[in-house]
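Residue strings, one per chain:
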Amino acid sequence: YKNYILFSLNFTLLSKKEFIQKSKYLKETNYVNRGLTVNVLKKKVKDSFRMYKEFSKLIKTLSKKTNLTIVVRPHPIDKLKNYNFLNKYSNVKVIKKGSISEWIHHAKIVVHSGCAGGLEASVRGIPTISYLPFDSVHGHKFSNKFSIKTKNLKQCLDVIEKITNNNMKIKKLNLKDIKS
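The structure presented is a predicted model; accordingly, all values stated were derived computationally and were not measured.

Topic: the sheet that holds strand S5 (residues 128-131)
Part 1: With respect to topology, six strands assemble into an open sheet ordered S3-S2-S1-S4-S5-S6, the strand pairing being parallel. The two strands at the open ends of the sheet, each matched to only one other strand, are strand S3 (92-94) and strand S6 (148-150). Between one strand axis and the next, the sheet turns by 25° as a mean value, whatever way the strands run.
Part 2: Where helix H2 (residues 38-65) meets the sheet, it contacts strand S1 (4-8), strand S2 (70-73), S3, strand S4 (107-112) and S5, and its direction lies at approximately 170° from that of S1.
Part 3: Most of the contacts of helix H4 (residues 116-124) go to S4, to which it runs at about 140°, and overall it touches S1, S4 and S5.

Points about the nonpolar core
Part 1: Residues Phe7, Val72 and Val111 are the most contacted members of the largest nonpolar core, which totals 28 residues.
Part 2: Broken down by element, the residue count for this core peaks at six residues, all from H2.
Part 3: When sequence neighbours within four positions are dropped, the list of residues in contact with Val72 reads Phe7, Leu9, Ile59, Tyr83, Leu86, Val92, Lys93, Val94 and Ile95.
Part 4: Within the second largest apolar cluster, ten residues are counted, among which are Ile104, Ala107, Ala121 and Ile126.

Some points on the packing of H2 against helix H6 (residues 153-164)
Part 1: Two elements in contact, H2 and H6, have axes whose closest approach is 11 Å; the angle formed by their N-to-C orientations is 40°. With respect to H6, the element H2 is oriented oblique. As H2 packs across H6, the resulting crossing turns out to be right-handed. Here H2 contributes Lys57, Leu58, Thr61, Leu62 and Lys65 to the contact with H6, which in turn contributes Leu153, Cys156, Leu157 and Ile160.
Part 2: For the contact of H2 with H6, a count of residues per class yields six nonpolar, one polar and two charged.

Here's the deal with the side chain of Ser63
Part 1: Following the sequence through the fold, Ser63 ends up in helix H2.
Part 2: According to the relative accessible area criterion, Ser63 is buried, its value standing at 8%.
Part 3: When sequence neighbours within four positions are dropped, the list of residues in contact with Ser63 reads Ile70, Tyr89, Asn91 and Val92.

Some thoughts on unusual backbone geometry
Part 1: Positioned with a positive phi, Asn3 is a non-glycine residue whose angle comes to about 60°.
Part 2: Along the polypeptide, Asn3 turns up in the segment before S1.
Part 3: Residue classification places Asn3 among the partly exposed positions, given a relative accessible area of 40%.
Part 4: One non-glycine residue with positive phi stands out, namely Asn30, at about 70°.
Part 5: Assignment of secondary structure puts Asn30 in the loop between helix H1 (16-28) and H2.

Criteria and thresholds
Residues numbered from 1 in each chain as written. Predicted model: local features only at pLDDT ≥ 70, side-chain atom pairs only at ≥ 80, totals over all residues. Heavy atoms only, no water. Pairing = 2+ DSSP bridges. Helix = DSSP H or I, 4+ residues; strand = E, 2+ residues; numbered from the N terminus. Axes fitted to C-alpha atoms, helices over the stretch in contact; angles between N-to-C directions. Contact = heavy atoms within 4.5 Å. Core = buried A, V, L, I, M, F, W, Y, C linked by side-chain atoms within 4.5 Å. Buried < 20%, exposed > 50% of the residue type's maximum accessible area, 1.4 Å probe, protein only. Parallel < 35°, antiparallel > 145°, perpendicular 65-115°, else oblique. Left-handed = near helix turned anticlockwise from the far one by under 90°. Nonpolar A, V, L, I, M, F, W, Y, C, P; charged D, E, K, R; others polar.

Have a look at this one:
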């Protein structure tokens, strides 16, 4: 594919069994005493499911508004079956194969929420949108820093449309702005 909209996703969609296993691991490895408590994990999982729902709405709505291909790239540990509902949209492809870097390289736009793929896209000069529909502990705040931030579905769709129609000037990232 060339000239597509890439959704770089990083959701923590754990089943109850997986949550129990992860909680046990955090306790055994002493992560709970270094900031990643079971309550923090619980909040991350809750926010990830909520973010997953928001992104699902965005992808479905966008698929009806554009002729461009939409490539959805789940996190490597995320299960593909979580995205089976997208199979009915002919311009949406859910793909885990290949390097995220290669997918970013060929994208017209990258949409994310606190994903390292979003940070990489920004650094590479690809138009990058952080979709942040609510305050969340999901993802990594630093990854959003150099992206165009959108707060709701309409705003995100408007920015995507402006970029795809070349009606929006994208400011080049000055790598000197990254100090850490």
